[in-house]
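Structural overview for review
Listed below, chain by chain, are the residues.
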Amino acid sequence: MPASAENGCNSTHITVRRMIAPDVPPALAILKNSPEASIWSEESLLESVSQGIALAAEQEGRLAGILIGRVAADEFEILNLAVWEECRGRGIATRLVDAAVEYARVKGARQTYLEVRASNEGGIAFYKGMGFQVCGRRPNYYRHPAEDAVLFVLHKGGTKS
């Protein structure tokens, strides 16, 4: 069976919901399959499920992508976003970001921030396309390999989608 069918990526129907503890093992697999995403431990993901903003995107009953974030005062920070490689280009990341930004707005966030590896051209183009603006750079922010982070901000108006 091809990976895309195995991972439930053939359908256009996407459901975004809160992550739950049973989502952690497939979320770990998605992160391991996404070299541009930050790899988190099982413990960190479980903590995010119980304390942060942790969203899951499902297609055909299978996890296709995740977004982890947190709200602090009037700011929302996207900490991690990953979609199965075979599922990319189908609007999953857009749906996750839209849902997270709206949830954070309801919780009082007026701005959304995130970091992207400087070499992640696809991620940079994605966030710019959603209305995020470059607002800085953090030298040597990432490890394995060492790399700069490009900082983005989205002001209260929300995303373009």
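These remarks concern the structure in this document. (Residues numbered from 1 in each chain as written. Predicted model: local features only at pLDDT ≥ 70, side-chain atom pairs only at ≥ 80, totals over all residues. Heavy atoms only, no water.)

A word on unusual backbone geometry. Located in the positive-phi region is Glu 60, a residue other than glycine, with phi close to 50 degrees. Considering the arrangement of structural elements, one finds Glu 60 in the loop between β2 (53–59) and β3 (62–72). Of note in this structure, Ala 73 is not a glycine but carries a positive phi near 55 degrees. For Ala 73, the position within the fold is in the loop between β3 and β4 (75–83). (Helix = DSSP H or I, 4+ residues; strand = E, 2+ residues; numbered from the N terminus.)

Empty space among the atoms becomes visible once a probe the size of a water molecule is rolled across them. Following the criterion strictly, the structure yields one cavity of 30 Å³ or more and no others. The volume enclosed by the largest cavity comes to roughly 60 Å³. For the largest cavity, the lining is made up of eleven residues, of which Val 101, Ala 109, Arg 110, Thr 112 and Lys 156 are closest to its centre. Elements represented by at least two residues in the lining of the largest cavity include exactly α4 (92–106), β5 (111–117) and β7 (147–155). Per-element tally for the lining of the largest cavity: the top contributor is α4, with three residues. Of the residues in the lining of the largest cavity, the class split is four nonpolar, four polar and three charged. (1 Å grid on protein atoms, 1.4 Å probe; cavity = no way out; pocket = protein on both sides within 12 Å on 5 of 7 lines; lining within 4 Å. Points joined across faces, edges and corners; volume = space filled by probe spheres on them. Nonpolar A, V, L, I, M, F, W, Y, C, P; charged D, E, K, R; others polar.)

Two side chains bearing opposite charge may form a pair once their charged atoms approach each other closely. By the definition in use, this model includes seven salt bridges. Its salt-bridge partner being Glu 77, residue Arg 70 comes within 2.8 Å of it at the nearest N-O pair. Given the relative accessible area of 44%, Arg 70 is considered partly exposed. Of the charged contacts in the structure, one is a salt bridge between Arg 117 and Glu 147, with a shortest N-O distance of 2.9 Å. Placement of Arg 117 in strand β5 and of Glu 147 in strand β7 is noted, with a sequence separation of 30 residues between them. In this structure, Arg 117 and Glu 147 share a single accessibility class: buried. The network of salt bridges with common partners includes Arg 17, Asp 23 and Glu 58. (Salt bridge = Lys/Arg side-chain N within 4 Å of Asp/Glu carboxyl O. Buried < 20%, exposed > 50% of the residue type's maximum accessible area, 1.4 Å probe, protein only.)

Next up on the list: the packing of aromatic side chains. The description of an aromatic ring pair rests on the distance of the ring centres and on the angle between the ring planes. The final tally for this structure, using the stated rule, is four aromatic pairs. A centroid spacing of 5.0 Å and a plane angle of 90 degrees characterise the contact between Tyr 141 and Tyr 142, whose relative ring orientation is edge-to-face. Looking at Tyr 141, the relative accessible area reads 38%, which means it is partly exposed. Through a chain of ring-to-ring contacts, the aromatic side chains of Phe 126, Tyr 127, Phe 132 and Phe 152 assemble into a single cluster. (Phe/Tyr/Trp six-rings, centres within 6.5 Å; stacked < 30°, edge-to-face > 60°.)

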